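Examination of the molecular architecture
Each chain, written out:
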Amino acid sequence: MFAISDLNIGSYTPVGDIIALSLCIIMVILVKQTYIRKEKSRFFIIMHILAFMLIVASANIFMQTYIVKETVSPPFIYIMRMLHHVFLSMTMFLYIRYVQGSLWLLPKDKKRSRIAIAVIILSAITLDIILSVFKVGFYINKKHEYSAGLDCFEILYIVFTVNIIYMLIKYRKRLLIKVFTGLISVLVMSNLLLCIQSIFKQISYTTICCLLPMISIIFLFHSNPYNTDTGAVSSEFFAQEVKENLAKGNEMVIMCCHIPGFSVYIAKSPVLKTEFMDFFRVNIKKSILYSFPNDSFVLTFTKQKNSDYEKLVDRMLGNFAMSYAKFKIDYKIIIMESSDSVIDVNDYHNIIEYNDLKMPFNTVVRITPEDIKEYYDKNYILSQLEDIAARKDLSDPRILVYCQPVLNINTGQYDTAEALMRLKLEKTGMVFPDQFIPIAEKFNLIHNLSMIILNKTCAALKRFIEDGYIIKRISVNFSAIDLRYDSFCDEVKGIIESNGIEYGKIAVEITESRSDADFNLMKQRVMQLQDLGIKFYLDDFGTGYSNFERIMEIPFDIIKFDRSLLIESLKNSSSQYMVKTFANMFHELKYSILFEGVENEYDEDRCKLMMAQYLQGYKYSKPIPIEELTKFLLHV
Ligand code: C2E
Ligand code: CA
Ligand code: CA
């Protein structure tokens, strides 16, 4: 009924193990109920750790409680003790494996490392049995007296602990400082608790000391911040949840509401806060609300759980319209349903973002299959543009030069033309500038394209001249980004020279720039290249900005009046007077005027009344492949 040696074994009450048991159960419930990251392999480890700890605590309670009861047979005690130790060491191994994963130290050969772990645990079991047989380790004698003796598992635990602390300190740079501090503090705290219990000759808190570090990894690596103002969880978990639902065969509805500055508004207005909460909580079953960094909120739910989802969405939009009438805060709402044509779960948010950029404020957009296709096409175009830029091939076959002849009113001939770029790609076929120029500019890939088009235009000019065609020049469009390159002038010169044509055969078309820096650069480039004979056209005059004083500072050769001015001049007599005055002014100042977008005879007549020297538009020709320009040229 009593221990052989009181020094050998501490006193035990089940308090610690019962707390450990309850903590495990609480953690399982919390993990199930909260929005934490549940990536497969790492989360799998966590769930195993919690399950093993349940066994560890229960086995210890049984062993320690029944060890003092003579009626219970010793093999039961031995089995319980062994269960406790084996599962505790497996838990520790899992913990080490988990931390190794976070420190990028996972063993390459997982099978071998699993065998090594099994060998270590089996050796410890064997050694423990041997120690018990020789009465050096834990044993119970015939009188039901027991001794703790030498415990080889304890040595294993010390090795584990030293190993984990050493690993953490050695590779601490691979962890966020907060995570490192968190892990180390909890380990220190648990070991301190172990020391304190040994001072008091206690063994009740061993299990709980081992559970604490396991809980810390759930907090540190899996917690998902929850915003109490909006009830939204961080976006990190979004893709994972969508993926899990799709894997289960669930169809999803994803609703995004983008309200710039929302976090500021909501902090100020409790009324807005309540309204917002109500908006996203309209009877939707199992919905989750995510907050994305740019003040976007994304609500997800499954169609299966909400069979009347269409009505729900309509009701939400109705409520939202009422809130908008009250608060007048700008918004964009995008509704998307899961679709087989979405390749990667992350694309759901990318497609939403892509459409968000395109749509106006205070509208609702439902993503259609065409929108998804457009998104993938844009991505494909972008990857092709990146490839074109990387190859640096000035004759890249994917870039085509189209040309639109320009009528010279003085001579009645087509002696100049404008080069217009097209992309011809394997998957999409012909791509027009409005589909790729904005992408190329956004991703800084335009410069390569400009140089390719310039090179191909020069090469075509060379052929026309050699074949005896009369052509004064062809204008090439450049972007403000091109002018920012210090090498711009040298590159343009180099390409013209290498094609063996005169500088004057090329004209540069640029649109007016709003920024001072770009305007000054433009001025500089014009001065540098005009001396060589290269002509400069101001493109799209009349669209948007048009700062006269500024334009006069740059000695352009030709001002291109945009088609919108021609349309404007149709409206009434005062608009016509305004356009005519512009034209007269430029004419007086010795600029030549080109009208773009001349579509019919009526357009042509009006342009002629407005000092036009050059005419360009569908009336004469649509853009054609540059080779076909010869149809419009005179032959010597
Ligand atoms: P842009 O420089 O103003 O070019 C004229 C556009 O008007 C061309 O569209 C042309 O097809 C179209 N157009 C010609 N005649 C008519 C007409 O009678 N009526 C109407 N409604 N439109 C007419 P495109 O080829 O689609 O080019 C669109 C824009 O893309 C160009 O506008 C230019 O800003 C840009 N772009 C084209 N090629 C290049 C290039 O090589 N480099 C750069 N940076 N931009 C280019
Ligand atoms: Ca142009
Ligand atoms: Ca234009």
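Fair warning: this is a prediction, and the values are worked out from it, not measured in the lab. (Residues numbered from 1 in each chain as written. Chains lettered and ligands numbered in written order. Predicted model: local features only at pLDDT ≥ 70, side-chain atom pairs only at ≥ 80, totals over all residues. Heavy atoms only, no water.)

**As for the nonpolar core**
- In terms of nonpolar packing, the biggest core is built from 77 residues, with I474, F556, F561 and F595 touching the most fellow members.
- No other element matches the 10 residues that helix α15 (residues 446–466) contributes to this core.
- Residues in contact with F561, not counting those within four places in the same chain, are F541, V579, F582, A583, F586, I593, L594, F595 and E596.
- Grouped together as the second largest cluster of nonpolar side chains are 55 residues, L21, I46, M92 and F221 included. (Core = buried A, V, L, I, M, F, W, Y, C linked by side-chain atoms within 4.5 Å. Buried < 20%, exposed > 50% of the residue type's maximum accessible area, 1.4 Å probe, protein only. Helix = DSSP H or I, 4+ residues; strand = E, 2+ residues; numbered from the N terminus. Contact = heavy atoms within 4.5 Å.)

**Concerning the coordination of the calcium ion (ligand 3)**
- On the protein side, the calcium ion (ligand 3) has D539 (OD), D540 (OD), E596 (OE) and E596 (OE) as donor atoms, found 2.1 to 2.5 Å from it.
- Sequence positions of the residues that donate to the calcium ion (ligand 3) give the spacing D-D-x55-E.
- In this structure, the calcium ion (ligand 3) lies 3.9 Å away from the calcium ion (ligand 2), the two metals sharing D539 as a donor. In this pair, D539 sits in strand β16 (residues 535–541) while E596 sits in the loop between β18 (592–595) and α22 (601–609), placing the two residues 57 residues apart along the sequence.
- Judged by its relative accessible area of 8%, D539 is buried.
- Exposure remark for E596: the relative accessible area of 13% places this residue in the buried category. (Donors = N, O, S within 2.8 Å, 3.2 Å for Na, K, Ca; no water.)

**Some details on the environment of N60**
- Inspection of the secondary structure assignment puts N60 in helix α2 (residues 40–66).
- Linking N60 and M80, residues 20 residues apart in sequence, is a C-alpha distance of 6.7 Å.
- Once residues lying within four places of it in the same chain are set aside, the contact partners of N60 are Y12, D17, H84 and T207.
- Separated by 2.9 Å, the side chains of N60 and D17 make a polar contact. (Polar contact = N/O pair within 3.5 Å; in protein donor to acceptor, adjacent residues only side chain to side chain.)

**Things to note about the pairing of strand β6 (residues 288–292)**
- Of all 5 residues that make up β6, 4 are buried, and the element is covered over most of its length.
- When strand β4 (residues 232–234) meets β6, the two strands line up parallel, connected through 2 bridges. Across the sheet, the residue bridging to S234 is S291, located in β6.
- Of the pairings in the sheet, the one linking β6 to strand β7 (residues 296–302) comprises 5 bridges and is antiparallel in character. Note that in β7 the partner of I288 across the bridge is T300. (Pairing = 2+ DSSP bridges.)

**Let's talk about the domain arrangement of the chain**
- Taken as a whole, the chain is organised into domain 1 (2–222), domain 2 (233–367) and domain 3 (392–635).
- Here domain 1 and domain 2 have C-alpha centroids that lie 44 Å from each other.
- Contacts between the two partners involve 5 residues from domain 1 and, on the opposite side, 7 residues from domain 2.
- Roughly 520 Å² of surface becomes buried between domain 1 and domain 2 when both sides are summed, with 59% attributable to carbon and sulfur atoms.
- Three residues, Y35, R37 and K38, lead the burial of domain 1 against domain 2; their summed loss comes to 90% of the area buried on that side. (Domains from an automatic or database assignment. Buried area = accessible area lost by both parts, 1.4 Å probe.)

**A few points about the pattern of salt bridges**
- As enumerated under the stated definition, the model contains 28 salt bridges in all.
- The salt bridge partner of D396 is R398, with a shortest N-O separation of 3.0 Å.
- Relative accessible area serves as the criterion here: at 2%, D396 is assigned to the buried category.
- With its nearest N and O atoms 2.9 Å apart, the salt bridge here joins R484 to D518. (Salt bridge = Lys/Arg side-chain N within 4 Å of Asp/Glu carboxyl O.)

**Observations concerning helix α1 (residues 15–33)**
- For α1, which comprises 19 residues, the first-to-last C-alpha distance of 27 Å matches the rise-based estimate of 27 Å (1.5 Å per residue) to within 8%.
- Those residues of α1 that sit buried are G16, D17, A20, L21, C24, M27 and V31. For α1, the buried positions fall inside an angular range of 145° around the axis, keeping them on one side.
- Along its buried surface, α1 packs onto α2 and α7 (206–222). (Expected span 1.5 Å × (residues − 1). Arc of directions from axis to C-beta.)

**Remarks on helix α12 (residues 346–358)**
- Taking 1.5 Å of rise per residue, 13 residues should cover 18 Å, and α12 covers 19 Å from first to last C-alpha, within 8% of that figure.
- Regarding α12, the residues found buried are D347, Y348, H349, I351, I352, Y354, N355 and D356.
- Elements in contact with the buried residues of α12: α8 (238–247), β5 (252–258), β6, β8 (332–337) and α13 (369–391).

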